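What follows is each chain in one-letter form.
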Amino acid sequence: MTARIVQYLIALVFLLLGGWALFAPGSVIESAVTEPYRDSTFLTRFIMACFGAQAVLFGIMALVVRWNARSFATFGTALLPFFLFNWYFHYEVPLLTSIGMLDFAGNMTMLILAIIGWRTAKKIDWDTK
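Residue positions within a chain follow its written sequence, with the count starting from 1. Totals for whole chains, interfaces and linings use every residue, but because this is a predicted model, local features are given only for residues with pLDDT of at least 70 and side-chain atom pairs only at 80 or more, for both listing and counting. The side-chain values count all of the structure's non-hydrogen atoms but skip hydrogen atoms and water molecules.

Draft legend 1. Focus on the overall build of the chain. In terms of regular secondary structure, the chain is built from five helices and zero strands. When the backbone C-alpha atoms are referred to their principal axes, the chain occupies close to 50 × 30 × 20 Å. Buried residues in the chain amount to 36% of all 129 residues. In this description, accessible areas are obtained by the Shrake-Rupley approach with a 1.4 Å probe, and a residue is regarded as covered only by the protein chains that are shown. Per element, the accessible surface of the chain, about 7,900 Å² overall, is 72% carbon and sulfur. Charge-centre separation for the chain: the mean point of 9 positive side chains lies 18 Å from the mean point of 7 negative side chains. Put simply, DSSP marks the helices as runs of H or I at least four residues long and the strands as runs of E at least two long, and each gets a number from the N terminus on. Only protein chains enter the calculation, and the probe is 1.4 Å; a residue is then buried if its accessible area is under 20% of its type maximum, exposed if over 50%, and partly exposed in between. In this tally, Lys and Arg are treated as positive and Asp and Glu as negative; His is ignored, and so are the chain termini. The atom standing in for a charge is NZ when the residue is Lys, CZ when it is Arg, CG when it is Asp and CD when it is Glu.

Draft legend 2. Summary view of the pattern of salt bridges. Put simply, a salt bridge is a Lys or Arg side-chain nitrogen that is within 4 Å of an Asp or Glu carboxyl oxygen. Summed over all chains, the structure comprises two salt bridges. A salt bridge links E30 to R38; its shortest N-O distance comes to 3.3 Å. Taking relative accessible area as the criterion, E30 reaches 49% and is therefore assigned partly exposed. Salt-bridge contacts for E35 lead to R38; the nearest nitrogen and oxygen are separated by 2.8 Å. Note on R38: relative accessible area 25%, which makes it partly exposed. Connected via shared salt-bridge partners are E30, E35 and R38.

Draft legend 3. Inspection of the nonpolar core at higher detail. Think of a nonpolar core as a cluster: buried Ala, Val, Leu, Ile, Met, Phe, Trp, Tyr and Cys residues, connected wherever their side-chain atoms sit within 4.5 Å. The biggest cluster of nonpolar side chains holds 19 residues, and the ones touching the most others in it are I10, F14, W67, F72, F75 and M110. Elements that contribute at least two residues to this core include exactly α1 (3-23), α3 (42-64), α4 (69-92) and α5 (102-122). Counting residues per element, this core draws most heavily on α1, at six residues. Those residues in contact with I10, other than ones at most four positions away along the chain, are W67, F72, F75, M110, L113 and A114. Counting five residues, the second-largest nonpolar core is a separate cluster that includes A21, V28, A32 and M48. Residue contacts are defined here by distance: any two heavy atoms, one from each residue, within 4.5 Å place the two residues in contact.

Draft legend 4. Inspection of the packing of α1 against α3 at higher detail. Axis definition: a line fitted to C-alpha atoms, over the contacting stretch in the case of helices. Angles run 0 to 180 degrees between N-to-C directions. Their axes nearest at 7 Å, the elements α1 and α3 cross at an angle of 160°. The orientation of α1 relative to α3 falls into the category roughly antiparallel. Between α1 and α3 lies a crossing of left-handed hand. Looking at the contact of α1 with α3 residue by residue, the classes come out as 17 nonpolar, five polar and one charged. Each angle is binned into one of four classes, with values under 35 degrees roughly parallel, values over 145 roughly antiparallel, values of 65 to 115 roughly perpendicular, and all other values oblique. Helix crossings get a hand from a simple test, with the near helix turned counterclockwise from the far one by less than a right angle marking a left-handed crossing and a clockwise turn marking a right-handed one. Polar here means any residue other than Ala, Val, Leu, Ile, Met, Phe, Trp, Tyr, Cys and Pro, which are nonpolar, and Asp, Glu, Lys and Arg, which are charged; Gly is therefore polar.

All quantities given are derived from atomic positions and should not be read as evidence of function.
Dropping the structure here:
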């Protein structure tokens, strides 16, 4: 697998999950947030759609820029705090449902892809030598 393909797969995660939040924010709230924390006001749906729009924007950027080994390493490292977020808001403050933990699955997928991308890009990347 090439580093470019890995980058496209990372973009796909952002485009799928971000697109869901952008185009169906009420569905995300209904499916991913537990009842005690669920709020379907206009502002909540708007904020969820904004979150989705940012994810879609990053997904588009991941499709059009070329990542090197440093890019994959930085992205993978930047993902780490999100695992704490997922743990905290699923186990400590039970806000995320099992479907809400798709965020965790997406983060884990992207972390594994970032490691694969880093290893692949490192072989051809002049910046890391």
